[in-house]
Amino acid sequence: MIKELKQNPSLPSCFLSTGESSSIRHAPVNKQGADLSGLWQGSSVISMGGLLKCAVNLLLCFFAAILLGCASASRTHTNVAQQPFGKTKEGVDVFLFTLRNAHGAEARISNYGGIVVSLKVPDRNGKLGDVVLGYDNLDDYLKETPYFGALIGRYGNRIARGHFTLDGHEYTLATNNYPNALHGGLKGFDKVVWQPLILASPDGPSLKLSYLSKDGEEGYPGNLSVTVIYTLLEDDALRVDYTATTDKDTVVNLTQHSYFNLAGKGDILNHVVMMPADKFTPVDSTLIPTGELRPVEGTLFDFRKPTAIGARINQDDEQLKFGKGYDHNWVFNKQVGEFTQLARVYEPGTGRVLEVFSTEPGLQFYSGNFLDGSLKGKGGWVYQFRNGFCMEPQHFPDSPNQPSFPSVVLKPGQTYKNLIVYKFSVQK
Ligand code: GLA
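What you see is a predicted model; the values in this text were computed from it and never measured.

Participant: Please explain the overall build of the chain as it appears in this structure.
Facilitator: Each helix and strand in the chain was counted, giving four helices and 32 strands. Classification of the 428 residues of the chain by burial places 54% in the buried group. If you take every contact in the chain between residues at least 6 apart in sequence, the share linking residues at least 24 apart comes to 66%. Roughly 17,500 Å² of accessible area belongs to the chain as shown, and the carbon and sulfur atoms make up 55% of that amount.

Dropping the structure here:
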């Protein structure tokens, strides 16, 4: 049962209601269907008017809230706190949601860009530490960010020269990463305010974010209705569950852009990475895939056996030069939509382990090569070259222009789905 605790901005926060609910059927992590039973519709109070009806509704609301509270205590998790996080330049209020599981692991997520602002998980001694890069306040995110912790859309990674053709129409996007389009454009999903909704889920504290990207936004066709549900599971995994629908043929490639540092300080070169991928997509000098699926065998891109990020990163290699390090898409031998492990990362100092799972066919492993000491982050940490790495499950970069890559086309009547799980544990 998943209940949605809907907050109507025009009502005091005690006016929570359960309303429409979504049925999410991504095996294997959420096998339950959703319970659609609504107890009370908050907005109906306003429209009915009349003191008596209002009083009756208030009473109903009161009992519903008690019932809901009892149900939540026994079966569902509502351990989500909400606090103000500032305002956008346009004056829109933005919030910070704190999701905490029973062991004390904690994710703080903003509805601005769906940004994971902090993520605290234990090390091998049980000490909690923040394992993602980012800022202490909203203003810094508004000023400049290399997509720290953000939701990425409509198109994760690059589209060559900001052009693609679909159904015979040519679409033009902003070339915000010259000469290419990157991560959804000038104002991608990382820079929009999402509609937040705290969910009561049996799986853990949960936050649903919704956004309607209008037809033509950033040059993409179709009204795209997107929902992302973040859930902090009891086994210290952050689950990110995406769905999207469109009213016109379009292209979609959504991902998550957290920068991890499992030590919580310094560079990431001693982190040991394993990726069970046979191939990767080599790029040109502008980081657009050449179209080749190159076997990793015998290359510096073979992470099928656990290897420290720093072990080979500075070797003389054309692909590493183009990326200034690792900034490539690894290709997995699987069916698109199959939920599999894409990576395991181990940090020997703290014993922390990150495992990445997804239904996506590719993984962009980016070793933080554009961090250059110009950004001061949380707690005054100046982010230097390779102080964080990203693991972005995705369809391959530039797929709209590469017919041999798995399709990223979404049509009316279809539902885009993508499930990402970042699971934390320790190795003794
Ligand atoms: C992605 C890209 C990188 C870089 C970062 C953001 O991971 O692959 O090339 O643009 O985002 O700085």
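Participant: Help me out: how do you make sense of the sheet that holds strand S5 (residues 106–110) in this one?
Facilitator: Where strands meet in a sheet, backbone hydrogen bonds hold them as pairs that are either parallel or antiparallel. Read across the open sheet, the five strands follow the order S3-S4-S5-S6-S7; overall the sheet is antiparallel. The open sheet is flanked by strand S3 (80–87) and strand S7 (128–130), the only strands paired with a single partner. The sheet shows a mean angle of 20 degrees between the axes of neighbouring strands, taken without regard to direction. Of the pairings in the sheet, the one linking strand S4 (residues 93–100) to S5 comprises five bridges and is antiparallel in character. Following the sheet pairing, Leu96 is matched in S5 by Ser110.

Participant: I keep staring at the sheet that holds strand S24 (residues 327–331) and nothing clicks. Help me out?
Facilitator: Read across the sheet, six strands follow the order S19-S30-S27-S24-S21-S22 without closing on themselves; strand pairing throughout is antiparallel. Of all the strands in the sheet, the pair left with one neighbour each is strand S19 (259–260) and strand S22 (294–295). By the bridge criterion, two bridges tie strand S21 (residues 279–281) to S22 in an arrangement that is antiparallel. When the sheet's bridge partners are listed, Phe280 is paired in S22 with Arg294.

Participant: Where do I start with the nonpolar core in this structure?
Facilitator: Ranked by size, the top nonpolar core spans 61 residues in total, and within it Tyr326, Trp330, Phe365 and Met391 carry the most contacts. Top contributing element to this core by residue count: strand S15 (residues 224–232), with five residues.

Participant: What is the right way to read the site of the ligand from this model?
Facilitator: The environment of the ligand is formed by 13 residues, the closest being Arg158, His183, His257, Asp327 and Glu392. The separation between an oxygen atom of the ligand and a polar side-chain atom of Asn157 is 3.0 Å. A distance of 2.9 Å separates an oxygen atom of the ligand from a polar side-chain atom of His183. A breakdown of the residues in the shell around the ligand according to their chemical character gives six nonpolar, four polar and three charged.

Participant: Sorry if this is basic, but what is going on with the side chain of Thr246 here?
Facilitator: Relative to the assigned elements, Thr246 resides in strand S16 (residues 237–246). A polar atom in the side chain of Thr246 sits 2.6 Å from the backbone oxygen of Lys248. Residues contacting Thr246, with those up to four places away along its chain left out, are Gly222, Asn223, Leu224, Leu410, Lys411, Pro412 and Gly413.

Participant: It is not clear to me how the pattern of salt bridges should be interpreted in this structure. Could you clarify?
Facilitator: One side chain can pair with another of opposite charge once the charged atoms of both are near each other. Under the definition given, this model contains 14 salt bridges. We note a salt bridge from Lys191 to Asp190, for which the minimum N-O separation is 2.7 Å. A salt bridge links Asp203 to Arg239; the nearest nitrogen and oxygen atoms lie 3.2 Å apart. Of this pair, Asp203 sits in the loop between strand S13 (195–200) and strand S14 (206–213) while Arg239 sits in strand S16, and the two are 36 residues apart along the sequence.

Participant: Explain the confidence of the model for the chain here, please?
Facilitator: A low pLDDT means the predicted coordinates there should not be read in detail. Put simply, the chain has an average pLDDT of 87, and 82% of its residues get 70 or more. Scored below 50 in pLDDT, residues 6–74 makes 91 contacts in the model with residues more than four places away or belonging to other chains.

Participant: Which parts of the structure should I look at to understand the pairing of S5?
Facilitator: Side chains on a regular strand alternate between the two faces of the sheet. In terms of burial, S5 is largely enclosed, as four of its five residues are buried. Between S4 and S5, which pair antiparallel and follow one another directly, the connecting turn spans five residues, one of which, Gly104, has a positive phi of 100 degrees. Note that S5 and strand S6 (residues 116–122) share four bridges and pair antiparallel. For Arg108, the partnering residue across the bridge sits in S6 and is Ser118. Taken together, S5 and the strand that follows it, S6, pair antiparallel across an intervening segment of five residues, in which Gly113 is found at a positive phi of about 70 degrees.

Rules of the game
- Residues numbered from 1 in each chain as written.
- Predicted model: local features only at pLDDT ≥ 70, side-chain atom pairs only at ≥ 80, totals over all residues.
- Heavy atoms only, no water.
- Helix = DSSP H or I, 4+ residues; strand = E, 2+ residues; numbered from the N terminus.
- Buried < 20%, exposed > 50% of the residue type's maximum accessible area, 1.4 Å probe, protein only.
- Contact = heavy atoms within 4.5 Å.
- Areas by Shrake-Rupley, 256 points an atom, 1.4 Å probe, with all protein chains shown as cover.
- Pairing = 2+ DSSP bridges.
- Axes fitted to C-alpha atoms, helices over the stretch in contact; angles between N-to-C directions.
- Core = buried A, V, L, I, M, F, W, Y, C linked by side-chain atoms within 4.5 Å.
- Near = heavy atom within 4 Å.
- Polar contact = N/O pair within 3.5 Å; in protein donor to acceptor, adjacent residues only side chain to side chain.
- Nonpolar A, V, L, I, M, F, W, Y, C, P; charged D, E, K, R; others polar.
- Salt bridge = Lys/Arg side-chain N within 4 Å of Asp/Glu carboxyl O.
- pLDDT = per-residue confidence, 0-100.

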